[in-house]
Amino acid sequence: MFSLAFVTGVSFLLALVLTRLARDGSLRLGLVDLPDNGRKTHRTAVPRTGGVAIVAAYVVTFGLLLYTPLSGGAIVRDGLPVFWKLLPATGAIFLTGLVDDLFHLKAWWKLAGQVAAGGWPMRAGCGLRISRATRISDG
């Protein structure tokens with residue numbers, strides 16, 4: 001139970017701080033999405049690199065948990081073999097989003113990156129597979 005509180009608290013605080021830093025850095029560097037009075041309905045410039053802060057908060061939080069004596073740390077340690085197998089897919093999703101934020105990928109390029117990353121876990125032998133969904137009924 002304390003592991004969950006640890007992960008929640010640390011990730012929240014890190015995301016709070018890092019998101020602000022990412023926002024300020026994006027504004028300073030001009031990495032913003034500008035309104036176009038068409039598809040983009042926001043009224044002011046919106047920073048584009050907030051995902052970097054979220055990923056950083058996630059990685060640091062689970063890295064810290066890994067080195068704690070909490071029961072959640074043992075769960076993370078036990079899951080490391082699968083983590084390493086999934087890291088390329090996770091990295092591909094992150095990089096696809098970041099490259100899109102920075103260079104405005106065409107939709108089909110972004111989709112191609114996401115599909116390739118989505119197929120990786122099945123090819124990496126992680127024990128993950130896509131199966132037919134089972135419908136749950138109320139009675």
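Quick note: structure is the one above.
Calculation criteria
- Residues numbered from 1 in each chain as written.
- Predicted model: local features only at pLDDT ≥ 70, side-chain atom pairs only at ≥ 80, totals over all residues.
- Heavy atoms only, no water.
- Helix = DSSP H or I, 4+ residues; strand = E, 2+ residues; numbered from the N terminus.
- Contact = heavy atoms within 4.5 Å.
- Salt bridge = Lys/Arg side-chain N within 4 Å of Asp/Glu carboxyl O.
- Buried < 20%, exposed > 50% of the residue type's maximum accessible area, 1.4 Å probe, protein only.
- Polar contact = N/O pair within 3.5 Å; in protein donor to acceptor, adjacent residues only side chain to side chain.
- Axes fitted to C-alpha atoms, helices over the stretch in contact; angles between N-to-C directions.
- Parallel < 35°, antiparallel > 145°, perpendicular 65-115°, else oblique.
- Left-handed = near helix turned anticlockwise from the far one by under 90°.
- Nonpolar A, V, L, I, M, F, W, Y, C, P; charged D, E, K, R; others polar.
- Core = buried A, V, L, I, M, F, W, Y, C linked by side-chain atoms within 4.5 Å.

Brief notes about the side chain of D100
Alright, step 1. You can see D100 is positioned in helix α4 (residues 80-103).
Alright, step 2. If we ignore the near neighbours within four places in the chain, the residues touching D100 are L105 and K110.

Concerning unusual backbone geometry
Alright, step 1. Located in the positive-phi region is H104, a residue other than glycine, with phi close to 55°.
Alright, step 2. Tracing the sequence through the fold places H104 in the loop between α4 and α5 (107-123).

Quick notes on the pattern of salt bridges
Alright, step 1. What the rule picks out here adds up to two salt bridges.
Alright, step 2. For D24, the salt bridge goes to R23, with nearest N and O atoms at 2.9 Å.
Alright, step 3. Residue R23 is classed as partly exposed on the basis of its relative accessible area, which comes to 35%.
Alright, step 4. Residue D100 pairs with K110 through a salt bridge whose shortest N-O separation is 3.1 Å. Within this pair, whereas D100 is found in helix α4, its partner K110 is found in helix α5, the two being separated by ten residues in sequence.

Some points on the side chain of T68
Alright, step 1. Here T68 shows up in the loop between α2 (50-66) and α3 (71-78).
Alright, step 2. A polar side-chain atom of T68 sits 2.8 Å from the main-chain carbonyl oxygen of L65.
Alright, step 3. Setting aside residues no more than four positions away along its own chain, T68 makes contact with F6, G73 and R77.

Things to note about the packing of α2 against α4
Alright, step 1. The geometry of α2 relative to α4 is characterised by a closest axis approach of 11 Å and an angle of 165° between their N-to-C directions. Overall, the two elements α2 and α4 adopt an arrangement that is roughly antiparallel. Like other packed secondary-structure pairs, α2 and α4 cross with a definite hand, here left-handed. Residues G51, V52, V55 and L66 of α2 form the contact with α4, whose own contacting residues are L80, F94 and L98.
Alright, step 2. Each residue belonging to the contact of α2 with α4 can be placed in one class, and the counts come to six nonpolar, one polar and no charged.

Quick word on the nonpolar core
Alright, step 1. Grouped together as the largest cluster of nonpolar side chains are seven residues: F6, V7, V10, L65, L66, L70 and V76.
Alright, step 2. Those elements giving two or more residues to this core turn out to be α1 (2-29) and α2.
Alright, step 3. Per-element accounting of this core gives the leading share, three residues, to α1.
Alright, step 4. Look past the residues within four positions of F6 in its chain and what remains in contact with it is T61, L64, L65, T68 and L70.

Overview of the environment of T8
Alright, step 1. Residue position: T8 is located in helix α1.
Alright, step 2. On the basis of relative accessibility, which here comes to 45%, the residue T8 falls in the partly exposed class.
Alright, step 3. C-alpha of T8 to C-alpha of G79: the two residues are 71 residues apart in sequence and 19 Å apart in space.
Alright, step 4. Within the local environment of T8, its side chain forms a polar contact with the backbone oxygen of L4, the two atoms lying 2.8 Å apart.

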